[in-house]
Amino acid sequence: MLSQVGPLKGWQEQIKFVWRQTSERNKFPWAFLEFTVCQHSLIKTLFPIKSIITRDTKYNHDVKFTTLFFDLDDTLYPASSGLWEAIRERISLFMDEFLNIPREEIPGLRRKYFEEYGTALRGLEANYPIRREDYLAFVHDLPLRDYIQPDPELKAVLMGVPVRKLIFTNADEAHARRVMEVLEVIQYFDGIVDINDMEPYCKPMPESFLRAMLRADEPNPGSCVLIDDMLRNTTGATSVGMRSILFGTDGHQTGMDATLLKWRDLPKVLDELESREK
Ligand SMILES: [Mg+2]
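Residues numbered from 1 in each chain as written. Predicted model: local features only at pLDDT ≥ 70, side-chain atom pairs only at ≥ 80, totals over all residues.

Peer 1: Explain the overall build of the chain here, please?
Peer 2: Scanning the chain for helices and strands turns up 13 helices and six strands. Considering the chain as a whole, with its 278 residues, one finds that 32% of them fall into the buried category. Counting only contacts in the chain whose residues sit at least 6 apart along the sequence, the fraction spanning at least 24 positions is 61%. (Helix = DSSP H or I, 4+ residues; strand = E, 2+ residues; numbered from the N terminus. Buried ≥ 20, exposed ≤ 12 C-beta atoms within 10 Å, placed from the backbone. Contact = placed C-beta atoms within 7 Å.)

Peer 1: Whenever I open this one, the environment of Pro-206 confuses me. Can you help?
Peer 2: Summarising the element assignment, Pro-206 is placed in helix α11 (residues 206–215). Here Pro-206 falls in the partly exposed class, since 19 other C-beta atoms lie within 10 Å of it. Spatially, the C-alpha atoms of Pro-206 and Ser-239 are 7.9 Å apart, while their sequence positions differ by 33 residues.

Peer 1: Can you walk me through the packing of helix α5 (residues 83–97) against helix α8 (residues 132–139) in this structure?
Peer 2: Each pair of packed helices gets described by two things: the angle between the helix axes and the distance between those axes. The N-to-C vectors of α5 and α8 enclose an angle of 135°; their axes lie 8 Å apart at closest approach. With respect to their mutual orientation, α5 and α8 come out oblique. In this structure, α5 crosses over α8, and the sense of that crossing is right-handed. Counted together, Ile-87, Arg-90, Ile-91 and Phe-94 of α5 and Tyr-135, Phe-138 and Val-139 of α8 form the full contact between these two elements. Broken down by class, the residue content of the contact of α5 with α8 amounts to six nonpolar, no polar and one charged. (Axes fitted to C-alpha atoms, helices over the stretch in contact; angles between N-to-C directions. Parallel < 35°, antiparallel > 145°, perpendicular 65-115°, else oblique. Left-handed = near helix turned anticlockwise from the far one by under 90°. Nonpolar A, V, L, I, M, F, W, Y, C, P; charged D, E, K, R; others polar.)

Peer 1: What exactly am I supposed to notice about unusual backbone geometry here?
Peer 2: Apart from glycine, the bulk of residues carry a negative phi angle, and the bulk of peptide bonds sit in the trans form. In this structure, Pro-200 follows Glu-199 across a cis peptide bond, with omega equal to 5°. By the element assignment, Pro-200 lies in the loop between β3 (191–193) and α11. The omega torsion of the bond from Lys-203 to Pro-204 falls at 5°, within 30 degrees of zero and hence cis. Look at Asn-100: it is not a glycine, yet its phi comes out positive at around 55°.

Peer 1: Sorry, what's going on with the pairing of strand β4 (residues 224–228) here?
Peer 2: Regular strands have side chains that alternate between both faces of the sheet. With five of five residues buried, β4 lies mostly within the body of the structure. What you see with β4 is no split at all: Cys-224, Leu-226 and Asp-228 on one side and Val-225 and Ile-227 on the other are buried throughout. The sheet contact formed by strand β1 (residues 67–70) and β4 spans four bridges and is parallel. Residue pairing in the sheet places Phe-69 in a bridge with Leu-226 of β4. In this structure, β4 lies alongside strand β5 (residues 243–247), joined through four bridges in parallel fashion. Opposite Val-225, over in β5, you have Arg-243 as the bridge partner. In terms of handedness, the path from β4 via helix α12 (residues 231–239) over to β5 forms a crossover that is right-handed. (Pairing = 2+ DSSP bridges. Right-handed = clockwise from strand over helix to strand, strands pointing away.)

Peer 1: Can you walk me through helix α7 (residues 120–127) in this structure?
Peer 2: Three or four residues apart is the spacing at which side chains of an α-helix point the same way, because the helix has 3.6 residues per turn. Every buried residue belonging to α7 is among Ala-120, Leu-121, Arg-122 and Leu-124, and all of these are buried. Against α5, α6 (106–117) and α8 lie the buried residues of α7.

Peer 1: Teacher, can you tell me more about the sheet that holds β5 here?
Peer 2: The strands making up a sheet associate through backbone hydrogen bonding, with each pair oriented either parallel or antiparallel. The strand order across the open sheet formed by six strands is β3-β2-β1-β4-β5-β6, and the pairing between neighbours is parallel. A single partner strand is all that each edge strand has here, and the edge strands are β3 and β6 (258–260). Mean inter-strand twist for the sheet, computed between neighbouring axes without regard to direction, equals 25°. Pairing of β5 with β6, which is carried by three bridges, proceeds in the parallel orientation. If you follow Ile-245 over to β6, its bridge partner there is Ala-258. The strands touched by helix α13 (residues 266–277) are β4, β5 and β6; relative to β6, the strand with the most contacts, the crossing angle is about 175°.

Peer 1: What is the right way to read the packing of α6 against α7 from this model?
Peer 2: Taken N-terminus to C-terminus, the directions of α6 and α7 make an angle of 95°; their axes are 7 Å apart at the nearest point. By the angle between their axes, α6 is roughly perpendicular relative to α7. Listed contacts from α7 to Arg-110, Tyr-113, Phe-114, Glu-116 and Tyr-117 of α6 are Ala-120, Arg-122, Gly-123, Leu-124 and Ala-126.

Spelled out as structure tokens, the structure:
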């Protein structure tokens, strides 16, 4: 799809081409995304989203994948830790105490927002006059060390994978930093793309992946890999041309390029993905 836009001469013709494609397929966001991914520098000029990458990244050998995006919750730490359940409880408490939503309606509403808006936050923002910073501070106000601990295997793998690594999360940067500090992995990452960076979108919306690439100053989706525990996020990444690894399972499903159960297998999985591209 991307190569169809490439050979055209001049930005006016490219816009006409995208518009034609758009009308034919009636899928504006996709056509727009394809266009903007091709025209990375143009979109950066039109929408001055600052890159968060400050470190110069040069590799002493050819690498296909230059940017790894890591999900945070239930990926950097095990889903069995109970932390995400605790956050979900805090979300319910917020809906009860601050918005006076009847308790029996909260689980269903939370699920509905998750499915329709991507996150409970985006659903609440669309339907209630909430302050995002209050919500994010409240739902993440938990004693993290009671739930998660450093994982030597994760640290060793992050240290050993010589490409750019970013956290890409539907939570906010403050929560991401606290989690990374407890896990003792903050020094291995080049940046964090959080829910505020993606506004008004969130994973798995295609626009969120574009936003992440702009923040990472990465023009080519084919050079990016997303590692995430949610199938709908890996599916979203794959659909915009990224490669994706579903974390926490070893089953073969559609909607991702590979699965990963143990962090120690990440280099092997990345090698296999690279060899498939050749
Ligand atoms: Mg997750």
